[in-house]
Amino acid sequence: GRKAYIRSVGRFLPEKRLTNKDLEKMVDTSDEWIVTRTGIRERRILEPGLGNSYMAVRAARECLDRAGVSAESVDVIIVATVTPDMFFPSTACLVQRDLGATGAWGYDLSAGCSGFVFALSTAAQFVESGRYDRVLVIGSDVMSTIIDYTDRNTCVLFGDAAGAVLVEPCPDPDYGILDFIQHCDGSGEPYLHMKAGGSRRPASLETVKNREHYVYQEGRQVFKVAVKEMASVTEQIIRKNGLKGEEVAFLVPHQANLRIIQATAERAGIPMERVVVNIDRFANTTAATIPLCLYDIVVEEKRVKKGDYLVLSAFGAGYTWGSILIRW
Ligand code: ACO
């Protein structure tokens, strides 16, 4: 049957860097605590007022330019995000307009840190079915706009960035996006959410005063489940497809915490040399972490060879989690 593949990758990184040293001046924390507990050294911060679509459009444009493909020829745009420009219209509509993607429809997909994985598997189905030939998948988050920079528990963890991939029919059906496994479990809601601003608790003077428009996370609780489920779904997709950990050329994990990444790699039997890590430079950019990792190994370092097996894995708010197997 027809298979989908990733033809091109693009990214956008804001210029401004926020280092652990900078955070030491803002909250009661230390570079040492942040590095040893999370692996993060610095993160990028978008200039206030620009919004998600500013980054998403730039990542998408680089992705299309690298493939030599026009914006008019894109069929579908999926934007994975938890920080849209506004509730409506969707960020995908704004990206469609600003890119000049006159033939495209699209929508936003909300799955926290698993957003890119959910969006990529969806794009692959659109292509595999034969319905569409050109789907842009963008993971973009302006986490700095929903972070409380007086809360040391969360403010050290996140950064801003966007990544984009172009999904098309694979010229050779033995390659491309081979399989995916995905889950959600809403019992995770109490441990990772934004308290107000939605229809259950609309914005009010009170919600603003109580600082309820920010990421709320019970880190220890989320950590436990993240380690268990991300490791399990990674191991599962490898085994289900008759592979062994040592046959995986690259594990491309969501970047929430270096310790979660290490535990996942160990359980899946993949040595750390073959695990893509950028959390030190960009922190947790939510839906952007995986396309940023792909950009590193595909565009910057050119380490990925035809036929390489890649496993993408993520865990995030919801809870949501999943893995994708790609033969490059
Ligand atoms: N600097 C200094 N000390 C701190 C900081 C900080 N920035 N943050 C917390 N501490 C303190 C805590 O107050 C606590 O002190 P106490 O023992 O006196 O209470 C101590 O450090 C240990 O806190 P823990 O929360 O137990 O630290 P832990 O080792 O669990 O690390 C972390 C916290 C990094 C948040 C970790 O739990 C984690 O990575 N959790 C998972 C995150 C994740 O995967 N999220 C999902 C994706 S995000 C999304 O979907 C939007």
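Being a predicted model, the structure only gives us computed values, none of them experimental.

Asks: Before we go on, may I ask you to explain the nonpolar core in this structure?
Replies: Ranked by size, the top nonpolar core spans 112 residues in total, and within it Ala60, Ile78, Val137 and Ile138 carry the most contacts. Dropping the residues within four chain positions of it, Ile138 is found in contact with Ala56, Ala59, Ala60, Val79, Ala80, Val95, Ala162 and Ala164.

Asks: It is not clear to me how the UniProt feature "domain: Beta-ketoacyl-[acyl-carrier-protein] synthase III C-terminal" (unreviewed entry) in the chain should be interpreted in this structure. Could you clarify?
Replies: Mapped onto this numbering, the UniProt entry annotates "domain: Beta-ketoacyl-[acyl-carrier-protein] synthase III C-terminal" (unreviewed entry) at residues 239-328. Split by type, residues 239-328 is 32% helix and 22% strand. Its first and last C-alpha atoms lie 18 Å apart.

Asks: Would you mind going over the pairing of strand β5 (residues 105-109) with me for this structure?
Replies: If a strand is regular, its side chains alternate between the two faces of the sheet. Pairing of strand β4 (residues 76-80) with β5 involves five bridges; the strand directions are parallel. The residue of β5 that forms the bridge with Ile77 is Gly106. Chirality of the crossover, the property in question, places the unit of β4, helix α4 (residues 91-99) and β5 among those that are right-handed.

Asks: Is there a simple way to think about the site of the ligand in this case?
Replies: Within the structure, the ligand sits among 23 residues, and Thr29, Gly219, Ala256, Asn257 and Gly316 are positioned closest to it. When contributions to the shell around the ligand are tallied by element, the ones reaching two or more residues are α2 (31-38), α6 (152-155) and α8 (219-240). With five residues, the top contributor of residues to the shell around the ligand is α8. Taken together, the residues of the shell around the ligand break down into eleven nonpolar, nine polar and three charged. Mapped onto the domain boundaries, the shell around the ligand takes at least three residues apiece from domain 1 (4-174) and domain 2 (177-327).

Asks: How do you make sense of the packing of α8 against helix α9 (residues 258-268) when you look at a structure like this?
Replies: Relative orientation and spacing of two packed helices are given, respectively, by the angle between their axes and the distance between those axes. For the pair α8 and α9, the least separation of the axes is 9 Å and the interaxial angle reads 35°. Relative to α9, the crossing made by α8 is right-handed. Contact residues: α8 offers Phe223, Ala226, Val227, Met230, Ala231, Thr234, Glu235 and Ile238, while α9 offers Ile260, Ala263, Thr264, Arg267 and Ala268.

Asks: What's the story with the environment of Ala288 in this structure? I'm lost.
Replies: Tracing the backbone shows Ala288 in the loop between α10 (279-282) and α11 (289-300). Here Ala288 falls in the buried class, since 36 other C-beta atoms lie within 10 Å of it. Between the C-alpha atoms of Ala288 and Ile177, which are 111 residues apart in sequence, the distance is 19 Å. Ala288 has contacts with Gly139, Ser140, Asp141, Ala161, Ala162 and Gly163, leaving out every residue within four places of it along the chain.

Asks: For this particular structure, what's the right way to read the domain arrangement of the chain?
Replies: Where interface size is quoted, it is often the accessible area lost as the parts come together. Taken as a whole, the chain is organised into domain 1 (4-174) and domain 2 (177-327). Computed over C-alpha atoms only, the centres of domain 1 and domain 2 are separated by 14 Å. Residue-level contacts link 44 residues of domain 1 with 42 residues of domain 2. Put simply, the parts of the chain that give the side of domain 1 that touches domain 2 at least two residues each are β1 (4-12), β3 (42-45), α5 (115-128), β6 (135-142), α6 and β7 (160-169). With seven residues, the single largest contributor to the side of domain 1 that touches domain 2 is α5. Looking at side-chain class alone, the side of domain 1 that touches domain 2 contains 23 nonpolar, 13 polar and eight charged residues.

Asks: So what exactly am I meant to see when it comes to the sheet that holds β1 here?
Replies: Judged by pairing direction, the sheet is mixed, and its five strands sit side by side in the order β1-β7-β6-β4-β5 without closing on themselves. Each having just a single partner strand, β1 and β5 make up the two edges of the open sheet. For this sheet the average axis-to-axis angle between neighbouring strands, irrespective of direction, equals 20°. Along the sheet face, α11 touches β1, β6 and β7 and points at about 100° away from the line of β1.

Conventions we followed
- Residues numbered from 1 in each chain as written.
- Predicted model: local features only at pLDDT ≥ 70, side-chain atom pairs only at ≥ 80, totals over all residues.
- Core = buried A, V, L, I, M, F, W, Y, C linked by C-beta atoms within 7 Å.
- Buried ≥ 20, exposed ≤ 12 C-beta atoms within 10 Å, placed from the backbone.
- Contact = placed C-beta atoms within 7 Å.
- UniProt positions renumbered as here; feature names shortened; annotations may be inferred.
- Helix = DSSP H or I, 4+ residues; strand = E, 2+ residues; numbered from the N terminus.
- Pairing = 2+ DSSP bridges.
- Right-handed = clockwise from strand over helix to strand, strands pointing away.
- Near = placed C-beta within 6 Å.
- Nonpolar A, V, L, I, M, F, W, Y, C, P; charged D, E, K, R; others polar.
- Domains from an automatic or database assignment.
- Axes fitted to C-alpha atoms, helices over the stretch in contact; angles between N-to-C directions.
- Left-handed = near helix turned anticlockwise from the far one by under 90°.

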